[in-house]
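Coordinate analysis (summary)
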Amino acid sequence: MPPQIQTRSQIQASSQMTLSLLSCLWVADLPSWALKRLEPDLRDKAVVVLEGRRVRGACEQARKAGIRIGDALDRARGLCPEVAIAQLEPSAIHAAWEAALEALYKVTPWLETPRVGLAFAAGLGVLESEAIATELDVRVGSCGSRGSAWLAALASSKGKARVEQHETVFLARVPVYLLRGIGVGEEVIKRLELFGLKTLGDVLERTTPKSLEAQFGKEAKMLIALLRGGDSSPVGLWTPPRSIKTAWVFDPPALEPHEIEPILTPLLARATQQLGSFYVGTVTVTLETMLGASTARQVLKTYTQSAKALLMSLERLTKAVMTGLEVLRLEILFSDLVRPTPVQDNLFGSLERPDVLKAIQVVHLHYPEKIGRLEIHRPKAVLPEERFRFEPLTGERIKRKRKK
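Residues numbered from 1 in each chain as written. Predicted model: local features only at pLDDT ≥ 70, side-chain atom pairs only at ≥ 80, totals over all residues. Heavy atoms only, no water.

1. Some remarks on the environment of Ser294
This is how it is decided: Put simply, DSSP H or I for four residues or longer makes a helix, DSSP E for two residues or longer makes a strand, and each gets a number counted from the N terminus. Working definition: with a 1.4 Å probe on protein chains only, accessible area under 20% of the residue-type maximum means buried, over 50% means exposed, and in between means partly exposed. Contacts are assigned to residue pairs with any non-hydrogen atoms lying within 4.5 Å of each other. Pairs of N or O atoms within 3.5 Å make up the polar contacts considered here, provided that, within protein, one atom can donate a hydrogen while the other can accept it, and that residues adjacent in sequence are counted only when both atoms are side-chain atoms.
For Ser294, the location among the structural elements is in strand E11 (residues 292-304). Residue class for Ser294 comes out partly exposed when judged on its relative accessible area of 21%. Remark: the alpha-carbon pair of Ser294 and Thr318, spanning 24 residues in sequence, is separated by 9.9 Å. Once residues lying within four places of it in the same chain are set aside, the contact partners of Ser294 are Val285, Thr286, Leu287 and Val321. At 3.2 Å, the side chain of Ser294 and the backbone oxygen of Val321 are in polar contact.

2. Some details on the sheet that holds strand E8 (residues 161-163)
Strand pairing in a sheet relies on backbone hydrogen bonds, with the paired strands running either antiparallel or parallel. The test is simple: When DSSP finds two or more bridges between a pair of strands, those strands are recorded as paired. Only C-alpha atoms enter the line fits that serve as axes; for helices the fit covers just the stretch in contact. Angles between N-to-C directions range over 0 to 180 degrees.
Strand order in this open sheet of five strands is E5-E6-E1-E7-E8, and the pairing throughout is mixed. A single partner strand is all that each edge strand has here, and the edge strands are strand E5 (111-115) and E8. Taken over all neighbouring pairs, the strand axes of this sheet differ in orientation by 20° on average, direction set aside. Inspection of the sheet shows strand E1 (residues 22-26) paired to strand E6 (residues 118-122) by five bridges, in the antiparallel sense. Residue pairing in the sheet places Leu25 in a bridge with Ala119 of E6. Lying on the sheet, helix H7 (residues 146-155) is in contact with E1, E5, E6, strand E7 (139-143) and E8; it crosses E7 at an angle near 140°.

3. Considerations on the sheet that holds E11
Strand order in the open sheet made by the four strands is E9-E12-E10-E11, with antiparallel pairing throughout. Lying at the two open borders of the sheet, with one neighbouring strand each, are strand E9 (244-254) and E11. Strand-to-strand twist in this sheet, taken as the mean axis angle between neighbours without regard to direction, amounts to 15°. As judged from the seven bridges shared by E9 and strand E12 (residues 327-335), these two strands associate in the antiparallel manner. Its bridge partner being in E12, Thr246 is matched across the sheet by Ile332. On top of the sheet, helix H5 (residues 90-105) reaches strand E10 (280-289), E11 and E12; it is set at about 145° to E11, its chief contact. Packing of helix H14 (residues 264-275) onto the sheet brings it into contact with E9, E10 and E12, and relative to E9 it is tilted by some 160°.

This is the structure we're talking about:
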């Protein structure tokens, strides 16, 4: 039989159907993914991220070697001696995720991110989904609703995109164990497998919403919503996170370091005026030349507003991106901005300060038995008021008048 050739109307209809799908971006292991995104030299190596001396994140190569989440550092080194080891930095994870969202925002403005490592987008075709999955090294799934798109992302491979235009057919083939990735409890999945329900198609054919509610209670709500089609509400427009960007154009172009580095001080002064009460978490420097732009980024260990620390970071990044070519434009970017949350200080650890002790004594004179701590006086007493005794912070004993 001769091959069937699609008409122009059929191609347009299929493209419109693809663009009407919802897409999901999912990262399997956030710590190792973020480290590889920020350190390009580690992208082809086995990477393990530690929290203390326990494994918090492990890339695909490390998992193939047998390393699992929660393993001790010595066991990880024994299983994979050439593994690259780094400590967990939450600021690095947020910085890598924000950079990924910025790259996705250049493709489509319809974007939502419920949490770090998970995003929903609209308006992505097949080619755009594959390009995003390859560029960002994430799993992308596209389907008719959010839940089914999430499952499609879970079913795809790392750095690949999976587009499912027929949602009902796809859900019927989805294995039950993939429900772990979208938040269904482990006990629910084990019971479904014990009942012989290996796929969502089996669950749909052999059960009803009432029977699922009777068996699993509140835990069945997510499963029932998924079987009914899931959440297909449209994705809203994404508002990029707050950032501060300043630039300097060289005329004529600058070539030597002594022509470029003095510009960092006025640029920093201009940027710090816009900071206000925000603290900086990530610093980025970009140099534009005739052959293109080169960029360097640093995730600060602690959020800071110090001009000295920011200037040292800018100088270090500028030296890293200088290539010996004439620089046309210098741009600095402060991102991952946060406003510090006020925290009540510990009063009990500040008694060695004379001014604090004096203030407590004055308050104690006017309001006795108001500032202090409860100490165990009679451990075996039945009543709480007899078991504990109020001890003023000043150490003074209060003489109580006995009631007649």
